[in-house]
Each structure stands twice: as C-alpha cells, then as structure tokens.
Amino acid sequence: MLALVRHGTIAEVSRLRVADGLAIARGELVVAKTHRGIQLGTVLEVKDGAPEEDSHESGILRKATADDEQAQVELMQATHQEFMTWQDRIAQWKLDLQLVDLEWTLDRSKLILYVLNERGPECTRLALNAAASGLGIVEVQPLNSEGPLAAEGGGGGCGSCGSH
C-alpha cells in the first residue's frame, strides 16, 4: 500500500509505502521516514499499489503515539528558542540569506534550516559553517513563495549530505 503524507514545518507531501500489516486512514498522524529523516506526518490518502523505487527507503513506520505528539511539541518549542541564535550565526558568518524557520527531525538527529533563497553557494556555505562549528547534522532547505525548492536530481536541501 501507498499513502500520501503531509509532513514538515514547511509542509511537503510525499508518496510513502505503508509498513506491512499497518492499517492507516486519512487524517491519522503517523511516524514516517522521509527524505529529510524521521518526521511526524498526516495521512492525506491511502491507496493500493506497489511502492515506487526510492533510494531513500522512505515509508510510514507506524501510527504516532501520544509520546510522539508530545515530542513534536517539545521540538517545536526548542526551535522557537533556537531561531534567534541561528539568525545571529547567519549574520556573523555574513551570509546573504533569510532564515524563515527551522525544525528538528522527530528523533532529533538532524536540524533543518528553511531559508528564503535560491539554491546556491550561500546555502552551501551555511551548511559548511554549521558543520565546521560542530553543530551536528544540519540540512539547509531553500524556499521560494511556492515552498521548498527541490534539489537537482530529486531530494534533500543544500548541504544535506555535506554537513554529516
């Protein structure tokens, strides 16, 4: 089975395979492995079909629990507290981009920085500076007025691999 799932602070919709034996319905919260990492998402549609080839092995892992929902609330609070710190870093590093939002993956293994900017050297410099400063795994996701900009070839933001 496949499902369309809306996920992320700056929402994206992904077609994800459903774990064998997992019964889900429209509107349910799920924990999914997306191209960004482990995220909480909302099921938009469920349909029969064979999973498409996906190099990221994305899929719905399970239904979300109350603990998952609480963790998501705590992560959102953390990002609100960290926002100004990241704005200050961007200014200190003299980068020409505007931070719009940030989010932690549900397992807190990666921080995603959403920036209003075209994909290019400024996004890459932000990811490299974050890595060089020992700030963990940081992915920079450029946005425009329509939402996240897709990477050339299909997935991940600027620096999504270089800052590991």
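Look up a bit, the structure's there.
Our subject in this report is the structure included herewith.

Let's shift gears to helix 1 (residues 66–92). Three or four residues apart is the spacing at which side chains of an α-helix point the same way, because the helix has 3.6 residues per turn. Here helix 1 contains 27 residues, and its C-alpha end-to-end distance of 39 Å stays within 8% of the 39 Å for a straight helix at 1.5 Å per residue. Along helix 1, the largest kink reaches about 40 degrees and is centred on E82. All of the buried residues in helix 1 are D68, Q72, L75, A78, T79, E82, F83, W86 and I90.

Attention shifts here to the environment of A32. On the secondary structure map, A32 appears in strand 3 (residues 29–34). The spacing of A32 and A19 is 13 residues in sequence and 9.9 Å in space, taken between C-alpha atoms. Apart from residues lying up to four places away in sequence, A32 is in contact with L16, G37, I38, Q39, G59, I60 and L61.

Okay, the sheet that holds strand 4 (residues 37–47) next. Strand order in the closed barrel formed by five strands is 1-2-5-3-4, with mixed pairing between adjacent strands. Averaged over all adjacent pairs, the angle separating strand axes in this sheet is 50 degrees, with direction ignored. Both strand 2 (residues 12–18) and strand 5 (residues 59–63) contribute to a ladder of two bridges, which runs parallel. Paired with R17 across the two strands is G59, which belongs to strand 5. Seen against the sheet, helix 1 touches strand 3, strand 4 and strand 5 and runs at an angle of roughly 125 degrees to strand 4.

In space, the four strands of this open sheet follow the order 6-7-8-9, with mixed pairing throughout. Two strands lie at the open edges of the sheet, namely strand 6 (98–104) and strand 9 (147–148), each paired on one side alone. Here strand 6 runs beside strand 7 (residues 111–116); their pairing, made up of six bridges, is antiparallel. When the sheet's bridge partners are listed, D101 is paired in strand 7 with Y114.

Turning next to unusual backbone geometry. Non-glycine residue K94 carries a positive phi angle of around 55 degrees. Here K94 lies in the loop between helix 1 and strand 6. The backbone of R108 shows a phi angle near 55 degrees, a positive value even though the residue is not glycine. For R108, the position within the fold is in the loop between strand 6 and strand 7. Taking relative accessible area as the criterion, R108 reaches 41% and is therefore assigned partly exposed.

Bringing helix 2 (residues 121–132) into the picture now. End to end, helix 2 covers 16 Å across twelve residues, agreeing with the expected 16 Å (1.5 Å per residue, within 8%). Regarding helix 2, the residues found buried are E122, C123, L126, A127 and A130. In a view along the axis of helix 2, the buried residues occupy a sector of 140 degrees, so they form one face of it. The exposed residues of helix 2 that point more than 90 degrees off its buried face are P121 and A132. On its buried face, helix 2 sits against helix 1, strand 7 and strand 8 (138–144). Taken from the residues just after helix 2, G134 is the one with a positive phi, measuring 70 degrees.

Calculation rules
- Residues numbered from 1 in each chain as written.
- Predicted model: local features only at pLDDT ≥ 70, side-chain atom pairs only at ≥ 80, totals over all residues.
- Heavy atoms only, no water.
- Helix = DSSP H or I, 4+ residues; strand = E, 2+ residues; numbered from the N terminus.
- Expected span 1.5 Å × (residues − 1).
- Bend = angle between axes of the 7 residues up to and from the residue.
- Buried < 20%, exposed > 50% of the residue type's maximum accessible area, 1.4 Å probe, protein only.
- Contact = heavy atoms within 4.5 Å.
- Pairing = 2+ DSSP bridges.
- Axes fitted to C-alpha atoms, helices over the stretch in contact; angles between N-to-C directions.
- Arc of directions from axis to C-beta.

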